[in-house]
Protein chains: 2
Amino acid sequence: MARRGPRGGGPAKRDRILRAAIKIFSQKGFFNSKVSDIAQAAGVADGTIYLYFKNKDDLLISLFEEKMAEVVADVRERVAAGDGALSRLKIFIENHMGLLLREAGLIEVLQVELRQSNKFMKDYVPVKFLEYLDVISEILELGKREGTFRQDLNVTVARRAVFGALDEMALAYVLSRKRKYDPADAASEIYRLFAEGLCTTAQNREGRT
Amino acid sequence: MARRGPRGGGPAKRDRILRAAIKIFSQKGFFNSKVSDIAQAAGVADGTIYLYFKNKDDLLISLFEEKMAEVVADVRERVAAGDGALSRLKIFIENHMGLLLREAGLIEVLQVELRQSNKFMKDYVPVKFLEYLDVISEILELGKREGTFRQDLNVTVARRAVFGALDEMALAYVLSRKRKYDPADAASEIYRLFAEGLCTTAQNREGRT
DNA sequence: TCTAAATGAATGATGATTCATTCAAGGGGA
DNA sequence: TCCCCTTGAATGAATCATCATTCATTTAGA
């Protein structure tokens, strides 16, 4: 019963399909991808996909959740190695931008499809994505406890601001065919931006509300 | 020839269609919206839409460009009233979050559809969106000239970080049905975040790179 | 009456999903 | 060792609904 697949198939067939879906969705977008394209890319018959996934939507959602779970587990581990909130923040930011190179296809899918799905799939709650945001919260909370970050920092807003800044940079990278900037450089700029702010000196800051 | 429409139609029919499109797209998303839904919402026959727009894609793109043009012109005017870079930045941020209340439907469409279109409509360049980013650049450049902002600030990265943070907050607002936060509060938090950074004191900042 | 605008039914393509059929691995009997 | 069976996996052609788009016809202002 737990057969590996007659045609001596490689690793689990389900995973082949998931990989193929990432490839096709990242190239054409969810709505422009045909199930038969994915089947072909996976080297599988159209109908086979329905043995592993309920339907096309389920394929996309499984992809989100399963792959994001890996990303979250990975970043958690990396961040834990950092010493103090600033160091951890730096690691988080560098890791996020690094994903652009390590997991290009996945990121391209997340970038453009996650929003759609959040908004229009009636009952889909992006659990794993929220966990990713939680990692940021934890860093910010640590910073407050340590006294590194302002006590009046609004974590709910700040974590989204950090994520949003990263996400937008990643989007710019993904959209520009010419790859005109280096993700690592962008990462260090963004780190400074949050750590130091835009201003030159503390004086300027006091000047306004 | 420049008839107003037999049925004593209201303002320009084209505009009625554009408004209807915003409404329908914001509710269901581009791909799930039928042209006939839009026609119905506009009080117009299906075919009429094709008298004013080349096709469904063109309808979406016209919507982006024409409505964004209004938004850009408006924010430019408001920002110009600010005195100095920090004041202008504050106005920009407040205006962006304010759009959530003033132009809810439009923002919902932009939030989720602009990315898709950027990525998958082969030759669409979101000119008006880029102009919106330019408004941020201009503020940042001004800050550098004034000496308010760091001389080594990377404007290309920073403008996207600012936009990204705002966009993400707006998204969170649009997605949460419960409307759990006030856009105006979020605006002031984000302003402080960029103006002051995350840290408590200058000392902490110097500590790391 | 003439003309441009508007209509909306009909067309044609597309593509998700189904399901009757095929395939092949493992087991048991000779 | 060699052959059948049985069974679940896999297949992919056919189905069927869904729209975007067209265009012959109607409408009403000038």
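Note that the structure is a prediction, hence the values are computed from the model and not measured.

Right, let's talk about the overall build of chain A for a bit. On a plain count of helices and strands, chain A comes out with 10 helices and zero strands. Starting at the N terminus and ending at the C terminus, chain A contains elements arranged as α-α-α-α-α-α-α-α-α-α. When the backbone C-alpha atoms are referred to their principal axes, chain A occupies close to 70 × 35 × 30 Å. Of the roughly 9800 Å² that chain A leaves accessible, carbon and sulfur atoms contribute 50%. Computing the positive centroid from 34 side-chain charges and the negative centroid from 29, chain A places the two 6 Å apart.

Bringing the relation of the copies chain A and chain B into the picture now. Once turned by 180 degrees and shifted 0.0 Å along the axis, chain A lies on chain B with an RMSD of 0.1 Å. With respect to symmetry, the two chain copies, as superposed, fit the operation of a two-fold axis. Using C-alpha coordinates, one finds that chain A approaches the rotation axis most closely at G197 of chain A, a distance of 1.9 Å. Interface overlap between copies is the fraction of interface residues in one copy that are interface residues in the other; for chain A against chain B it reaches 100%, indicating a shared surface.

Our focus in this paragraph is the interface of chain A and chain B. At the junction of the two partners, chain A supplies 61 residues and chain B supplies 61 residues. Approximately 5700 Å² of surface area, both sides summed, lies buried where chain A meets chain B, with 59% of it carried by carbon and sulfur atoms. Counting the surface chain A buries against chain B, the share from its top three residues, R115, R150 and L198 of chain A, is 16%. Taken together, chain A and chain B are joined by eight salt bridges.

This part is about the confidence of the model for chain A. Residue and element names in this part refer to chain A. Considering every residue of chain A, the mean pLDDT works out to 89; 90% of them sit at 70 or more. In this model residues 1-10 is a low-confidence stretch, pLDDT under 50, and it forms four contacts with partners more than four residues away in sequence or in other chains. Counted against residues more than four places away or in other chains, residues 202-209, with its pLDDT under 50, gives 16 contacts.

Evaluated as defined, the whole model comprises 16 aromatic pairs over all chains. On the basis of an interplanar angle of 80 degrees and a centroid distance of 5.2 Å, the ring pair of F30 of chain A and F31 of chain A is categorised as edge-to-face. Three or more aromatic residues link up through ring pairs in this structure, and these residues are F25, F30 and F31 of chain A together with F25, F30 and F31 of chain B. Stacked on the ring of F30 of chain A, the Lys or Arg K56 of chain A has its end atom at 4.6 Å from the ring centre.

Conventions adopted
- Each chain carries its own residue numbering, running from 1 in the direction its sequence is written.
- Working convention: letters from A go to chains and numbers from 1 go to ligands, in the order in which they are written.
- Confidence filtering applies because this is a predicted model: local features only for residues at pLDDT of at least 70, side-chain atom pairs given and counted only at 80 or more, and all residues used for totals across whole chains, interfaces and linings.
- Side-chain numbers come from the whole structure's heavy atoms, not from hydrogens or water.
- For helices the rule is a DSSP run of H or I covering at least 4 residues; for strands it is a run of E covering at least 2, with both sets numbered from the N terminus onward.
- With residues, only the protein chains shown are counted as cover, and all accessible areas are computed by Shrake-Rupley using a 1.4 Å probe.
- Only four residue types enter the tally: Lys and Arg on the positive side, Asp and Glu on the negative side; His and the chain ends are excluded.
- Just so you know, the charge point we use is NZ for Lys, CZ for Arg, CG for Asp and CD for Glu.
- The superposition of copies rests on a least-squares fit of C-alpha positions from residues with pLDDT of 70 or more in both.
- Residues count as neighbours in contact if any of their non-hydrogen atoms are within 4.5 Å of one another.
- Put simply, buried area is how much 1.4 Å-probe accessible surface two parts lose in total, over both of them, once they are put together.
- What makes a salt bridge here is a side-chain nitrogen of Lys or Arg within 4 Å of a carboxyl oxygen of Asp or Glu, nothing more.
- Per residue, pLDDT measures the predictor's confidence, with a range of 0 to 100.
- Under the pairing criterion, centres of Phe, Tyr and Trp rings, with the six-membered ring standing for Trp, must be within 6.5 Å; the plane angle then separates stacked pairs below 30 degrees from edge-to-face pairs above 60, leaving the rest tilted.
- We call a charge positioned above a ring when the Lys NZ or Arg CZ atom is no farther than 6 Å from the ring centre and deviates by at most 35 degrees from the ring normal.

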